[in-house]
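Secondary and tertiary structure notes
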Amino acid sequence: AELGDRFGPPPPAVERLLTLARLRIYAHGWGVEHVRLEHEYVVLSYGSLELAAQLRKKSGNRLRLVDGRTAYLPVDEQVADADLLLSDLESLLRPA
């Protein structure tokens, strides 16, 4: 809100940069160390199995824990739309 009040509406590139910054903060809160896109999955590397299990529950069991460090979130058609993908990931990682 402060940026908008001072400089007007931010361009799309700035909005995406702010979204990525929020995602980093949210991911850190869940113990997520790395996020990458792999085919039709967002792959999360995490340090806490307990937090990953909580995140899996929050995802409605969409998040698949494959080992003690990696989880896969299927994204299907969203891969083509980066903004939709970021929005979905942000809603999952956002603290309750």
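Everything that follows concerns the structure shown earlier in this document.
These numbers come from a predicted model, not from an experiment. (Residues numbered from 1 in each chain as written. Predicted model: local features only at pLDDT ≥ 70, side-chain atom pairs only at ≥ 80, totals over all residues. Heavy atoms only, no water.)

Within the structure shown, the criterion is met by 6 salt bridges. Notably, a salt bridge pairs Arg16 with Asp83, separated by 2.7 Å at the nearest N-O pair. On the criterion of sequence distance, the pair formed by Arg16 in helix 2 (residues 12–29) and Asp83 in helix 4 (residues 82–93) is long-range, its members being 67 residues apart. In this structure Arg16 comes out as partly exposed when scored by relative accessible area, which is 36%. You can call Asp83 partly exposed: its relative accessible area is 48%. When the shortest N-O distance is used, the salt bridge between Glu38 and Arg36 registers 3.1 Å. What makes Glu38 partly exposed here is its relative accessible area of 28%. Each of Arg22, Glu90 and Arg94 takes part in one network of salt bridges that share partners. (Salt bridge = Lys/Arg side-chain N within 4 Å of Asp/Glu carboxyl O. Helix = DSSP H or I, 4+ residues; strand = E, 2+ residues; numbered from the N terminus. Buried < 20%, exposed > 50% of the residue type's maximum accessible area, 1.4 Å probe, protein only.)

This part takes up the packing of aromatic side chains. For the coordinates displayed, the defined rule picks out 1 aromatic pair. Ring geometry for Tyr41 against Tyr72: centres 5.5 Å apart, planes inclined by 85 degrees, an arrangement best described as edge-to-face. Residue Tyr41 is located in strand 2 (residues 41–46), and its partner Tyr72 is located in strand 4 (residues 70–74); the two are separated by 31 residues in the primary sequence. (Phe/Tyr/Trp six-rings, centres within 6.5 Å; stacked < 30°, edge-to-face > 60°.)

All right, on to the sheet that holds strand 3 (residues 64–65) then. Here we have 4 strands laid out as an open sheet, ordered 1-2-4-3, and antiparallel in their pairing. The outermost strands of the open sheet, each flanked by one partner alone, are strand 1 (32–38) and strand 3. Strand direction decides the pairing type here: strand 2 and strand 4, joined by 5 bridges, are antiparallel. What sits directly across from Val43, in strand 4, is Tyr72. Sitting on the sheet, helix 4 is in contact with strand 1, strand 2 and strand 4, with an inclination near 125 degrees to strand 4. (Pairing = 2+ DSSP bridges. Contact = heavy atoms within 4.5 Å. Axes fitted to C-alpha atoms, helices over the stretch in contact; angles between N-to-C directions.)

This next bit is on helix 4. Over its 12 residues, helix 4 runs 16 Å from end to end, which matches the ideal 16 Å to within 8%, given 1.5 Å per residue. Here helix 4 has its buried residues at Leu85, Leu86, Asp88, Leu89, Glu90, Leu92 and Leu93. (Expected span 1.5 Å × (residues − 1).)

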